[in-house]
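These are the residues of each chain, in order.
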Amino acid sequence: MALPINHSDVIDDTSSHGSFTSPPTIPPSFRHIMTSYCASGMYPFQMDSAFVAKHPDILQHSVIVILRLSDMSEHPCEVYKYQYEFKSKIYIGTGWHNFCTSANIGEGDRLQFSLALRGIMPVFNVQIECADE
């Protein structure tokens, strides 16, 4: 039995040619509030475990990720997996200090990491909301 269509739920998004285009999808992302420990850039940054668990394909074969700021500057960073018992964590290591220094990241800043490009070298757009704003 077919379910009735609620026409208020249908999006009429047609171009001038009359073809249907699907609504844009929201890229996978996660947020992080920087602690002094992370903001110093002296220690590796642990990626959000819920994000990694939900999207294991993104970092499965990656060794390098690119962190891209709003000014379009790009910062390559090494990614590594730390496996213990039945849990694993993904860290951003080499390059993280340079990224933090270049972006002037401080304690309490809120960072939004949004996947911009999948592949061998994933690109994350990083938006920074400063704590003192």
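Caption draft 1: Just the sheet that holds strand S4 (residues 74-84), in detail. The mixed open sheet is built from 7 strands, whose spatial order is S1-S6-S7-S3-S4-S5-S2. Edge strands, defined here as strands with exactly one partner in the open sheet, are strand S1 (29-33) and strand S2 (45-46). Along the sheet face, helix H4 (residues 96-103) touches S2, strand S3 (64-68), S4, strand S5 (87-92), strand S6 (110-117) and strand S7 (123-129) and points at about 135° away from the line of S4.

Caption draft 2: Focus on the pairing of S5. For S2 and S5, the ladder comprises 2 bridges, and the chain directions are antiparallel. Counted as the bridge partner of Phe-45 is Ile-92 from S5. As judged from the 6 bridges shared by S4 and S5, these two strands associate in the antiparallel manner. Across the sheet, the residue bridging to Tyr-82 is Lys-89, located in S5.

Caption draft 3: Looking closely at the nonpolar core. Counting 27 residues, the largest nonpolar core has Phe-45, Met-47, Leu-67, Trp-96, Phe-99, Phe-113 and Phe-124 as the members making the most contacts within it. Broken down by element, this core gets its largest block of residues, 4 residues, from H4. Leaving out residues up to four positions away in the same chain, Phe-124 has contacts with Phe-30, Met-47, Phe-51, Ile-58, Val-65, Ile-66, Leu-67, Arg-68, Phe-113, Ser-114, Leu-115 and Ala-116.

Caption draft 4: Expanded view of the environment of Lys-87. With respect to the secondary-structure elements, Lys-87 resides in strand S5. Between the alpha carbons of Lys-87 and Ser-49 there is a distance of 10.0 Å; along the sequence they are 38 residues apart.

Caption draft 5: View of a nonpolar patch on the surface. A cluster of nonpolar side chains, namely Tyr-37, Met-42 and Tyr-43, defines an oily patch on the protein surface of about 360 Å² accessible area. By the element assignment, Met-42 lies in the loop between helix H1 (36-39) and S2. Residue classification places Met-42 among the exposed positions, given a relative accessible area of 57%.

Cut-off values and rules
Residues numbered from 1 in each chain as written. Predicted model: local features only at pLDDT ≥ 70, side-chain atom pairs only at ≥ 80, totals over all residues. Heavy atoms only, no water. Pairing = 2+ DSSP bridges. Helix = DSSP H or I, 4+ residues; strand = E, 2+ residues; numbered from the N terminus. Contact = heavy atoms within 4.5 Å. Axes fitted to C-alpha atoms, helices over the stretch in contact; angles between N-to-C directions. Core = buried A, V, L, I, M, F, W, Y, C linked by side-chain atoms within 4.5 Å. Buried < 20%, exposed > 50% of the residue type's maximum accessible area, 1.4 Å probe, protein only. Patch = residues over 30% accessible without salt bridge, like charges linked within 9 Å, V, L, I, M, F, W, Y side chains within 5 Å. Areas by Shrake-Rupley, 256 points an atom, 1.4 Å probe, with all protein chains shown as cover. Salt bridge = Lys/Arg side-chain N within 4 Å of Asp/Glu carboxyl O.

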